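Fold and geometry: a report
Residue strings, one per chain:
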Amino acid sequence: MYRWAPIFFRKILYEDIGSTVGKIVSAYTNLFLIIFHCIWFFFSVIRKLQPYECPYISQKTIPGSLRLYLMKNYWDLEYDLELMTDPVGLDILYAQAVSDVHRESIVVHKDTKTILNQLEASGAKKEYVDLARKLKYYGFIEFEPCTCDFPKPNTKVVVNIGLREINFRIRSSEGEIREGTFKVTRMRCWKITINKEEDNDASNARHNTSQANQTQLSFEYLLAKNKLQWITIQSNQAILMSNLLQSIIDELVLKKTHEDEGRTVRNVSLVSFS
């Protein structure tokens, strides 16, 4: 189900981010902390850096092999079009798209992959991003494999969040990959719980520590008319998932408010991937 591929980062360096990055870029992007898994060449998003944080201090004080990653800070793909009008913004979108394609978090068919490789080799950044934007899971954030209780308890799943939805990828007993999509607009509510089960058997304590410390994200979903069901994801990234869901709601409300007022949303810095 999962194949790890090397990540090819395109580094964009700034002596002073505040003065070098234009207003458009600063409104639509943000620094994120990621943890890099050297063995599998895979990274996990930890969280978004807040405006009051010093990136260097946060990177050094949190345990793990952390890196800073500059990436877009919104969900609605329409904002790509404005960000692409800025050369630095285009570089950021291109770097993120190339990274997602190489580590296979975006679903790419063989023929499309050939075209993308040709565009990358020729340095056609805009054309590369235009094509990547049409692919499945573009603009999604992928999480580490975890477990959920849908469609049955202890189901192993890979969770992706983006485009106003949560997506599950599940490998069936026959080896077939099945997908399930849960629209944010059909969620009644969600909650975070922490598993605090204690094991009195000292010999099993170490074995159960990681499981006992895992958090759970549960959301009540409208599966059918008059049928609400709680679905639970058990993952050590559950808090981040919850924050991303909230940021999707914030963006929807912000956009709806501006549309009602007859204005276009041009500054999404209020939307937070905290």
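For clarity, every value in this text was computed on a predicted model and none was experimentally measured. (Residues numbered from 1 in each chain as written. Predicted model: local features only at pLDDT ≥ 70, side-chain atom pairs only at ≥ 80, totals over all residues. Heavy atoms only, no water.)

**Quick notes on the nonpolar core**
Condition: Buried residues of nine kinds, namely Ala, Val, Leu, Ile, Met, Phe, Trp, Tyr and Cys, make up a nonpolar core once their side-chain atoms join them within 4.5 Å. Here's how the labels work: a residue is buried when its accessible area is under 20% of the maximum for its type, exposed when over 50%, partly exposed in between, all with a 1.4 Å probe on protein chains only. A run of H or I in DSSP counts as a helix once it spans at least four residues, and a run of E counts as a strand once it spans at least two, with each numbered from the N terminus. Note: domain ranges come from an automatic or database domain assignment. Residues count as neighbours in contact if any of their non-hydrogen atoms are within 4.5 Å of one another.
By size, the foremost hydrophobic cluster in this structure holds 31 residues, and its most contacted members are Val 159, Ile 161, Ile 166, Phe 168 and Ile 233. Take this core: its biggest share by element is six residues, from helix H9 (residues 238-260). Residue assignment places this core across two domains, with domain 1 (8-73) and domain 3 (140-195 + 214-255) each supplying three or more. Non-local contacts of Phe 168, meaning those with residues more than four positions away in its chain, are made with Cys 148, Val 157, Val 158, Val 159, Arg 178, Glu 179, Gly 180, Phe 182, Ile 231 and Ile 233.

**What to know about the pattern of salt bridges**
Formally: Criterion for a salt bridge: a side-chain nitrogen of Lys or Arg within 4 Å of a carboxyl oxygen of Asp or Glu.
Under the criterion given, the structure shown has 12 salt bridges. Note that Lys 72 is salt-bridged to Asp 80, the shortest N-O span being 3.5 Å. Note on accessibility: Lys 72 and Asp 80 belong to one class, buried. A salt bridge links Asp 100 to Arg 103, with the shortest nitrogen-to-oxygen separation between them at 2.8 Å. Here Asp 100 matches Arg 103 in class, with each residue buried. Residues joined by salt bridges that share partners form a network here, namely Lys 72, Asp 80 and Arg 133.

**Re the packing of helix H5 (residues 87-102) against helix H7 (residues 125-132)**
Definition in use: To get an axis, fit a line to the C-alpha atoms, keeping to the stretch in contact for a helix; angles then go from 0 to 180 degrees between the N-to-C directions. Roughly parallel refers to an angle under 35 degrees, roughly antiparallel to one over 145, roughly perpendicular to one between 65 and 115, and oblique to any angle outside these ranges. Helix crossings get a hand from a simple test, with the near helix turned counterclockwise from the far one by less than a right angle marking a left-handed crossing and a clockwise turn marking a right-handed one. Asp, Glu, Lys and Arg are counted as charged, while Ala, Val, Leu, Ile, Met, Phe, Trp, Tyr, Cys and Pro are counted as nonpolar; the rest, among them Gly, fall into the polar class.
In contact at an axis separation of 9 Å, H5 and H7 are set at 55° when each is read in the N-to-C sense. Comparing the axis directions of H5 and H7 gives the class oblique. Judged by the sense of rotation from one axis to the other, the crossing of H5 with H7 is left-handed. Touching Leu 90, Asp 91, Leu 93, Tyr 94, Ala 97, Val 98 and Val 101 of H5 are Lys 125, Lys 126, Tyr 128, Val 129 and Ala 132, all from H7. Looking at the contact of H5 with H7 residue by residue, the class counts come to nine nonpolar, no polar and three charged.

**Overview of unusual backbone geometry**
Each neighbour pair has its own omega, and for Phe 150 with Pro 151 the value is 5°, a cis peptide bond. Take Pro 151: it is sitting in the loop between strand S5 (146-148) and strand S6 (155-162). One non-glycine residue, Asn 154, lies in positive phi territory at about 60°. Relative to the helices and strands, Asn 154 is located in the loop between S5 and S6. At Arg 164, a position not held by glycine, the phi torsion is positive, near 65°. Mapped onto the elements, Arg 164 comes out in the loop between S6 and strand S7 (165-171). With relative accessibility at 38%, the residue Arg 164 sits in the partly exposed group.

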